[in-house]
Amino acid sequence: MSQIAFLGAIEVGLLFALVALGVYLSFRVLQFPDLTVDGSFPLGAAVCASLIVTGVDPYFASLAAALAGAGAGMVTAWLNVRLKILHLLASILTMIALYSINLRIMGRPNVALLGEKTVFTPLEALGMPSYVVLPIALAVLVLGVKLALDWFLNSEVGLAMRATGVNPRMARAQGIHTDRYILGGMALSNALVALAGAFFAQSQGAADVTLGVGVIVVGLAAVIGGEALINTRAVWRATFACIIGSIVYRLAVAGALNADLLGLQAQDLNLITAVLVTLAMVLPGVRMPFRKKGSTP
Amino acid sequence: MIEARQLAVTFNPGTPMQTPAMRGIDLVIPEGDFVTVIGSNGAGKSTFLNALAGELRPDSGSILIDNQDVTAWPTAKRAGLVARVFQDPLGGSCANLTIEENLALAYARGKRRGFGASVSSAMREEFRAHIARLNLGLENRLGDSMELLSGGQRQAVSLLMAALQPMKILLLDEHTAALDPKTAAFVLELTREIVAERNLTTLMVTHSMRQALDIGNRTVMLHEGRVVLDVRDHDRDGLKVEDLLHMFEKVRGSELDDDALLLS
């Protein structure tokens, strides 16, 4: 693997670490299997890119993207807690709806950001090649988000949110309005995912309506892979595992694609992902959300 | 004071599975009463408890706590007035949170939750003092995950959690039923101590007639969604399990007679 390919994998890994942290919030903290992610990731990209090409400040555009993602998460949560639609189905409905909405937002299937000012533009002043400086900037950002999330989940409100996921009946008996916490948690989760989408569009130079395909599986791969590698008993360890999982996943994919021996090509990416997730899930000592309880050897 | 007025609820109304679980429960619990509730399966004990806790909205009737109508309040809104210990030792706490995090959750019952640290060092000291009285050695394990505790330990901690904040009524839902006899006795003794110490108004559902007469100052028997027996203080003192059984059979017998009359 070349140095550029290596740093590129780190860069994308860090971007998707934000997705992984969002997926950790929904799947692990709230125990809400949420596929909205496949729609909110391109939603963030679409909102951000569309605003930037109309001349909006890229920082503001990224913030708007995160807010749009929060809205998408709340729609899914609302479908679930108010209309009592099964969580998985509620999230699929939002995801499908977002495909149309994203096309509407962009007005066409993709928006190019070539030559536009992005959040990464100021980094050019540092005079280093972008493939070096981008991973560093993203690492700082992801670390900041991780620390903020650690602080939040250890606050009284965050603890109540964790209780909502683990034991909602007990949480209600302690005065926790579980519905509100699901709404808030899903908003936060999808805001992170949409923010990742916004940064992804800005670093890749375009937003595309098909950007979201398989994002949830990649996020899940990072969360589960991280758990396979790192003990996640405390919150700060779990969020750290998401980041490591995301980076390791990208390196594994890059490694697999680069190994000429295997003869794999870019179109095999989804197959590799599925195999990696499966491997991570059957590794001993991993908590398995989708395997039946008691079937563990 | 807790008042239940003509509480009624029917599960699966209008279907062949239609089950009237409460058919007009009337019960007034003055402050300081420790009521034990008995009744056979399907008598409406759990349904009544769920209605008081807010988990179940009755079809008709009302619930008043200190003359305030709380019938329409969801569980979370009522939590400042009602504390509860569940039957399932796994049900009353969060398994993969630590002991101190579970205590902190209960510590915030009925209060506004903010963005400050969920477990402060002052709180930790207080928790340590509370949990030391259990003599289970848990005071040095506050950072351990709740799932490492045995069922009895978890019920003991659940009781402590319930008593951390003031309440109008403590609901105990067969909280010793899932424990072995020795542990059950320990948890029951702890219940007696905590209730006496804080003079808590308590409603305890139990399947054991022995337990129902041994603890508290009042015993209520439910049958087919109604209160069929309500004895307290002096009237209850001399009662034995056989007396209760006798009364129970009388209630059932008289109903059989009613049916016989209808059918004849």
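Please read these numbers as outputs of a predicted model, since none were measured by experiment.

Asks: What's the story with the interface of chain B and chain A in this structure? I'm lost.
Replies: How big an interface is tends to be expressed through the accessible area that disappears when the partners come together. Contacts between the two partners involve 26 residues from chain B, matched on the other side by 19 residues from chain A. For the side of chain B that touches chain A, the elements supplying multiple residues, two or more each, are α2 (75-78) and α3 (99-107) of chain B. For the side of chain B that touches chain A, the element with the most residues is α3(B), which contributes four residues. Grouping the constituent residues of the side of chain B that touches chain A by class yields 12 nonpolar, 10 polar and four charged.

Asks: Teacher, can you tell me more about the confidence of the model for chain B here?
Replies: Close inspection of predicted coordinates is inappropriate for parts of the model with low pLDDT. The predicted model of chain B has a mean per-residue pLDDT of 90, with 96% of residues at 70 or higher. Here the predicted complex carries an ipTM of 0.88, next to a pTM of 0.89.

Asks: Please clarify how the pairing of strand β4 (residues 60-65) of chain B should be interpreted in this entry.
Replies: For a regular strand, the rule is simple: side chains alternate between the two faces of the sheet. Residue and element names in this part refer to chain B. Across five bridges, strand β1 (residues 2-11) lies against β4 in antiparallel orientation. Bridge assignment links isoleucine 2 to a residue of β4, and that residue is isoleucine 65. Taken together, β4 and the strand that follows it, strand β5 (residues 68-69), pair antiparallel across an intervening segment of two residues, in which aspartate 66 is found at a positive phi of about 50°.

Asks: Just checking my understanding: could you explain helix α6 (residues 156-166) of chain A for this structure?
Replies: Helical periodicity: at 3.6 residues per turn, an α-helix aligns residues three or four positions apart in one direction. With respect to burial, α6(A) is a largely interior element, nine of its 11 residues being buried. Within α6(A), the full set of buried residues consists of A:Glu156, A:Gly158, A:Leu159, A:Ala160, A:Met161, A:Arg162, A:Ala163, A:Thr164 and A:Gly165.

Asks: For this particular structure, what's the right way to read the packing of helix α2 (residues 37-53) of chain A against helix α4 (residues 87-106) of chain A?
Replies: When two helices pack together, their arrangement is given by the angle between the helix axes and by the axis-to-axis distance. All names here are of chain A. Contact geometry for α2 and α4: axes closest at 9 Å, N-to-C directions at 15°. Judged on the interaxial angle alone, α4 and α2 are roughly parallel. Classified by chirality, the crossing of α4 by α2 is left-handed. Across the interface between the two elements, Asp38, Gly39, Ser40, Pro42, Leu43, Ala46, Val47 and Ser50 from α2 touch Thr94, Met95, Leu98, Tyr99, Asn102, Ile105 and Met106 from α4. Looking at the contact of α2 with α4 residue by residue, the classes come out as nine nonpolar, five polar and one charged.

Asks: What should I look at first to understand unusual backbone geometry in this one?
Replies: Across the chain, the bulk of peptide bonds are trans and the bulk of non-glycine residues have phi less than zero. All names here are of chain A. In this structure, glutamine 31 is a non-glycine residue whose phi angle is positive, near 50°. Within the secondary structure, glutamine 31 is located in the loop between α1 (3-29) and α2. Taking the C-beta count within 10 Å as the criterion, glutamine 31 has 15 such neighbours and is therefore assigned partly exposed.

Asks: Even after reading the chapter, I still don't get the sheet that holds strand β10 (residues 226-232) of chain B, so can you show me in this structure?
Replies: Within a sheet, neighbouring strands are paired by backbone hydrogen bonds and run either parallel or antiparallel to one another. Residues and elements named next belong to chain B. Reading across from one edge, β6-β7-β8-β3-β9-β10 is the order of the six strands in this open sheet, with mixed pairing throughout. A single partner strand is all that each edge strand has here, and the edge strands are β6 (82-85) and β10. Direction aside, neighbouring strands of the sheet carry axes that sit 20° apart on average. As paired strands, strand β7 (residues 169-173) and strand β8 (residues 202-205) are joined by four bridges and run parallel to one another. Its bridge partner lying in β8, leucine 170 is registered against threonine 202.

Rules of the game
Residues numbered from 1 in each chain as written. Chains lettered and ligands numbered in written order. Predicted model: local features only at pLDDT ≥ 70, side-chain atom pairs only at ≥ 80, totals over all residues. Contact = placed C-beta atoms within 7 Å. Helix = DSSP H or I, 4+ residues; strand = E, 2+ residues; numbered from the N terminus. Nonpolar A, V, L, I, M, F, W, Y, C, P; charged D, E, K, R; others polar. pLDDT = per-residue confidence, 0-100. Pairing = 2+ DSSP bridges. Buried ≥ 20, exposed ≤ 12 C-beta atoms within 10 Å, placed from the backbone. Axes fitted to C-alpha atoms, helices over the stretch in contact; angles between N-to-C directions. Parallel < 35°, antiparallel > 145°, perpendicular 65-115°, else oblique. Left-handed = near helix turned anticlockwise from the far one by under 90°.

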